[in-house]
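Notes for the structure review
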Amino acid sequence: MKKILIFSVLLASTIHVNAQRFDDYFEDRTLRLDYTFAGNHEHQELYVDELVSLPHWYGRRQRLDEVPLKGNGEITVRSKADGKVIYRHTFSSLFQEWLSTEESKRTMKSFENVFLVPFPKAAVDITVTLRDYHEQVNATMTHSVDPKDILIRKTGEELATPYITLQKAADTTRCIHVAYVAEGYQQHEMGTFLEDCKIAMESLFAHEPFKQMQDRFNMVAVMSPSAESGTSWPAKGIWKNTVLGSHFDTFYSDRYLTTLHLKKLHDVLAGIPYEHIIILVNTDHYGGGGIYNSYNLTYAHGSAFRPVVVHEFGHSFGGLGDEYPYGNDDPMYFADTEPWEPNLTTKHDFNGKWEQLVKEGKAGLVEGGGYLSKGVWRGFENCRMRTNEEPEFCLVCRQALIRLIDFYTK
């Protein structure tokens, strides 16, 4: 569920130089990085699990050494020949979110994590860094990758999962690739899944700024069949055999719907044009979850499906934080640290957020957000990131989303 910080727009000449750098350092392929994040509240460690080669690269080809949002984790790719940073990527993870829970204080756990970077032409050093909720580094690891390594597994050359294109971007070389993935739909239910995809897409593009920037998105529907319909519901003793093994009750929160099987998720997507992932779950029980630059899941058959799928995309793509209070236990925001999410502030360092909108009288500072009733502020009383009943993203969130879309596509 998560987060942001905005960087200034570069001059066109700089963008041109960065665009040229892609061909200097990378092939038109993807290097999939599979990691294990493990530990507990006191100590965390990072491990390389597997490296995977995928055909084609569907991420950005410009501004490669910049990041639009800070996140609470980062991947940095450096040329081994000269040490130059040639690609950066930021993210959040369920593992880091779990570290804020009471369970992490008494239990050791490991979580799968998968990230995509462009495939290097020559040897590189890749550094993975995790930060805590005070922005202090709590785990880091560097490993070398030789693109000629015979143990880099190749996949995706022959599609294992059928898909259809729902919408083709105006410029597929400068766009945002999004894949809808079926979870808990049996083969005979794929017609229903495709209808759910269309509803989800219509809902997203009914909201600004996605509506005005619709032609910058390339959307596909991935028809991954499950052996059983639905999803697991541990609190009810229900466990289903589904393609991604999703379930409610994540971190013992009844409506928190996630999957821990990220390697399986990306195996399903091998060879398909994607960077951002929306998983639609074949259930009418309310729930969802979104993790910045990882994925989001949304229940697909209930009255709140439309607002929830948009809200969760606000997390997973936009890095927007939740603006509602949800009890004050296990806080993730503190007075000594400014949230990286662009729609939340602790007033520790408000610079670069929506202070200009405040000066212009177009937004304010309303206390409550990030699950806390005190000590965190948002820009408006209501927003899509606060309640399902509010029909739009607030002006603060729209501003952040426009900046982000421009970063990927201009």
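Scroll up to find the structure.
Procedures and definitions
Residues numbered from 1 in each chain as written. Predicted model: local features only at pLDDT ≥ 70, side-chain atom pairs only at ≥ 80, totals over all residues. Heavy atoms only, no water. Helix = DSSP H or I, 4+ residues; strand = E, 2+ residues; numbered from the N terminus. Rg over C-alpha atoms; globule rule 2.2 N^0.38 Å. Buried < 20%, exposed > 50% of the residue type's maximum accessible area, 1.4 Å probe, protein only. Contact = heavy atoms within 4.5 Å. Areas by Shrake-Rupley, 256 points an atom, 1.4 Å probe, with all protein chains shown as cover. Pairing = 2+ DSSP bridges. Phe/Tyr/Trp six-rings, centres within 6.5 Å; stacked < 30°, edge-to-face > 60°. Lys NZ or Arg CZ within 6 Å of the ring centre and 35° of its normal. Axes fitted to C-alpha atoms, helices over the stretch in contact; angles between N-to-C directions. Polar contact = N/O pair within 3.5 Å; in protein donor to acceptor, adjacent residues only side chain to side chain.

Now for the overall build of the chain. Looking only at helices and strands, one finds seven helices and 16 strands in the chain. Relative to the compact-globule value of 22 Å for 410 residues, the chain shows a C-alpha radius of gyration of 20 Å, a close match. Judged by the C-alpha coordinates and their principal axes, the chain covers about 55 × 50 × 50 Å. Counting over 410 residues, the chain shows a buried share of 59%. Long-range pairs, those at least 24 residues apart, make up 68% of the contacts in the chain with a sequence separation of at least 6. Summed over its atoms, the accessible surface of the chain is roughly 16,500 Å², and 50% of this surface lies on carbon and sulfur atoms.

Our next topic: unusual backbone geometry. The omega angle of the peptide bond from glutamate 208 to proline 209 is 10 degrees, so this bond is cis rather than trans. Here proline 209 lies in the loop between helix H3 (190-204) and strand E11 (217-222). Positive phi is not limited to glycine here, since tyrosine 371 has a value of about 80 degrees. Owing to a relative accessible area of 11%, tyrosine 371 belongs among the buried residues under this scheme.

To continue, consider the sheet that holds strand E2 (residues 44-55). The four strands are arranged E5-E1-E2-E8 in an open sheet whose pairing can be described as mixed. Whereas interior strands pair on both sides, the edge strands pair on one side only; in this sheet they are strand E5 (109-120) and strand E8 (153-154). In this sheet, E2 lies alongside strand E1 (residues 26-39) in antiparallel orientation, the contact comprising 11 bridges. In the strand pairing of E2, leucine 31 is matched with serine 53.

Using the criterion set out here, one finds 28 aromatic pairs in the structure. Measuring from ring centre to ring centre gives 5.8 Å for phenylalanine 210 and phenylalanine 217, while their planes differ by 70 degrees; the resulting arrangement is edge-to-face. Residues phenylalanine 407 and tyrosine 408 carry aromatic rings whose centres are separated by 5.6 Å and whose planes lie at 80 degrees to one another, so their mutual orientation is edge-to-face. Here the two residues phenylalanine 407 and tyrosine 408 agree in accessibility, since each one is buried. Taken together, Phe205, Phe210, Phe217, Phe313, Phe317, Phe393, Phe407 and Tyr408 form an aromatic cluster joined through their ring pairs. The lysine or arginine in question, lysine 347, covers the ring of tryptophan 377, its NZ or CZ lying 4.2 Å from the ring centre.

All right, on to the sheet that holds strand E7 (residues 137-145) then. Taken in spatial order, the four strands of this open sheet run E4-E3-E6-E7, and their pairing is antiparallel. Each edge of the open sheet carries a strand with a single partner, namely strand E4 (85-91) and E7. Within this sheet the neighbouring strands show an average axis-to-axis angle of 15 degrees, counted without direction. Here strand E6 (residues 124-131) pairs with E7 via eight bridges, running antiparallel. Following the sheet pairing, valine 124 is matched in E7 by valine 145.

A few words on the environment of aspartate 284. On the secondary structure map, aspartate 284 appears in the loop between strand E12 (276-281) and strand E13 (288-291). When the C-alpha positions of aspartate 284 and leucine 159 are compared, they lie 30 Å apart, and in sequence the two are 125 residues distant. With sequence-adjacent residues up to four places away left out, aspartate 284 is seen in contact with Tyr299 and His301.

On a regular strand, one side chain projects to one face of the sheet and the next to the other, so that they alternate. Across the 12 residues of E5, nine count as buried, placing the element largely inside the fold. The pairing of E1 with E5 spans 11 bridges and is classified as antiparallel. Along E5, the bridge assignment pairs phenylalanine 37 with phenylalanine 111.

On to the side chain of asparagine 343, then. Take asparagine 343: it is sitting in the loop between helix H5 (305-316) and helix H6 (355-359). By relative accessible area, asparagine 343 is classed as buried at 0%. A polar contact of 2.9 Å, which involves the side chain of asparagine 343, links it to the backbone oxygen of glycine 321. In contact with asparagine 343, other than residues within four places in its own chain, are Leu320, Gly321, Glu323, Trp354, Trp377, Arg378, Met385, Val396 and Cys397.

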